[in-house]
Amino acid sequence: MAAWPNPALPLLLVAALLAFEDWLATPSCSGGPPAAHDPGELRAMMVADLMLLGSDATYADRFFRDHIMYKFFANSIQTLKPDVIVVLGDISAKGSELTERKWISVIEQFEGILGHHSSLPLLITLGDKDVGTCANLERKFVQRRAKHLPGLDSCGCGAFEISNVSFVSLNAVALLCGNNNLRLGVEKFMERESHHFQRLNEAGCYPSGCESREGSAEVSWRKNSMESGSGPVVLLHFPLHKLDAEVTGVTTSSEAIVSDHSSVFSSSKQREVYDRLHTIPVNSTQYILQALKPRIVFSAHTGSFLDFLHADGTREVTVPAMTWKTRGVPGFVITTFDIKGAMTLKCCWLAQEWHVIIGYLAFLCLTALAVRLSH
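Residues numbered from 1 in each chain as written. Predicted model: local features only at pLDDT ≥ 70, side-chain atom pairs only at ≥ 80, totals over all residues. Heavy atoms only, no water.

- As recorded in an unreviewed UniProt entry, the chain goes by Metallophosphoesterase 1 and comes from Urochloa decumbens.
- According to the UniProt record, the Cofactor (unreviewed entry) comment for the chain is "Mn(2+)". (UniProt positions renumbered as here; feature names shortened; annotations may be inferred.)

Following this line, the structure appears as structure tokens:
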């Protein structure tokens, strides 16, 4: 075997490759990187639609995409220093078709991508690819999925307190499913959370959380005296319905919206409406906004970033997909909650897959050229 004419050349090539990967995996955030992380703040990294395949992953996934995604997460976490990672549904590309063992392999694949950062607190909401659509959505199946995720109940909902910031995760898929016992369970969960936050507000405790959260005792629905924005951070997979057609361009006519979410789908046309709009029905949207008075809402599913203000002043941020398997540029949202209740938010973007492939091909060509010139 011929020796390298310049012994330092292999080391230079390896150093160049590492520098190239580091540059490639560094996120580009709107308005530049967030300010320094002050003590007492909570910084959350919001990601969505990872579309992982677990044990069914191809060689390209395991040895290329997972490696690059590992670099993306490592650089993003080291640069932005989040305290918690939130996944807004569709952690799996086809979770509704997987056995329980294969579902666990998806969770393990994500933990592998996070590497040593998997020790960070992790909140995961359920998406339609995780649990299926209304045609086959069952409570027992959702329960089998949810028990492997931190803090979720048998309906796929959860409530979390982290550094005096309250998060409420809702199973948005169930809210699209008409008169379904799973949807009714989600609404009962919202009633309990609404009652909990009303009592905290009346006691002057929120957001400091001066008393422990109630158990699972059922409470009756009552008028909500909370002010808009005084409730928790709400996490959903599907976006809320945009009631203002002039802002969003989404029609709100009765032909396009099935506004009575308490009824079952009565026709294939109604199913097509939900598939097309990909939003929570209008009555369920009003239900969430009235019951919880969200501080802010984070949703996903559309694959693109959107910062929207509802008519009652509630802010909703739709997080882009962090995958190359959907159209658009992969990205995530970084949100900082300070001790005074203020929030700052930035959307960060990652390289597109074809940019990564061209970059590696260019590096290989330059390496071959350097070797040839060295001879």
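Let us keep going from here.
1. Structural notes on the state of the cysteines
Here's step 1: According to the stated counting rule, one finds two disulfides in the structure shown.
Here's step 2: Note that Cys29 is cross-linked by a disulfide to Cys348, the S-S spacing being 2.0 Å. When the S-S torsion is 100°, as for the bridge of Cys29 with Cys348, the disulfide is right-handed. On the criterion of sequence distance, the pair formed by Cys29 in strand S1 (residues 28-29) and Cys348 in strand S12 (residues 343-349) is long-range, its members being 319 residues apart.
Here's step 3: For Cys348, a relative accessible area of 0% puts it in the buried group.
Here's step 4: The disulfide partner of Cys134 is Cys177, and the gap between their sulfur atoms is 2.2 Å. Between Cys134 and Cys177 the disulfide shows an S-S torsion of about -90°. By sign, it is left-handed. Taken together, the residues span a long stretch of sequence, with Cys134 in the loop between helix H4 (128-131) and helix H5 (139-146) and Cys177 in the loop between strand S6 (165-169) and helix H6 (181-202) at a distance of 43 residues.
Here's step 5: Take Cys155: it sits in no disulfide, and the sulfur closest to it among the cysteines is that of Cys157, at 5.9 Å.
Here's step 6: Residue Cys155 is classed as buried on the basis of its relative accessible area, which comes to 3%. (Disulfide = S-S within 2.5 Å. Helix = DSSP H or I, 4+ residues; strand = E, 2+ residues; numbered from the N terminus. Buried < 20%, exposed > 50% of the residue type's maximum accessible area, 1.4 Å probe, protein only.)

2. Describing the sheet that holds strand S4 (residues 122-125)
Here's step 1: Read from one edge of the open sheet, six strands run S1-S12-S11-S2-S3-S4, paired in mixed fashion. Among the strands making up the open sheet, the edge pair consists of S1 and S4.
Here's step 2: Bridge count for strand S2 (residues 42-47) against strand S11 (residues 331-337) is five bridges, and the pairing is antiparallel. For Leu42, the partnering residue across the bridge sits in S11 and is Phe337.
Here's step 3: Sitting on the sheet, helix H2 (residues 59-80) touches S1, S2, strand S3 (84-88), S11 and S12, and the angle it makes with S2 is about 160°. (Pairing = 2+ DSSP bridges. Contact = heavy atoms within 4.5 Å. Axes fitted to C-alpha atoms, helices over the stretch in contact; angles between N-to-C directions.)

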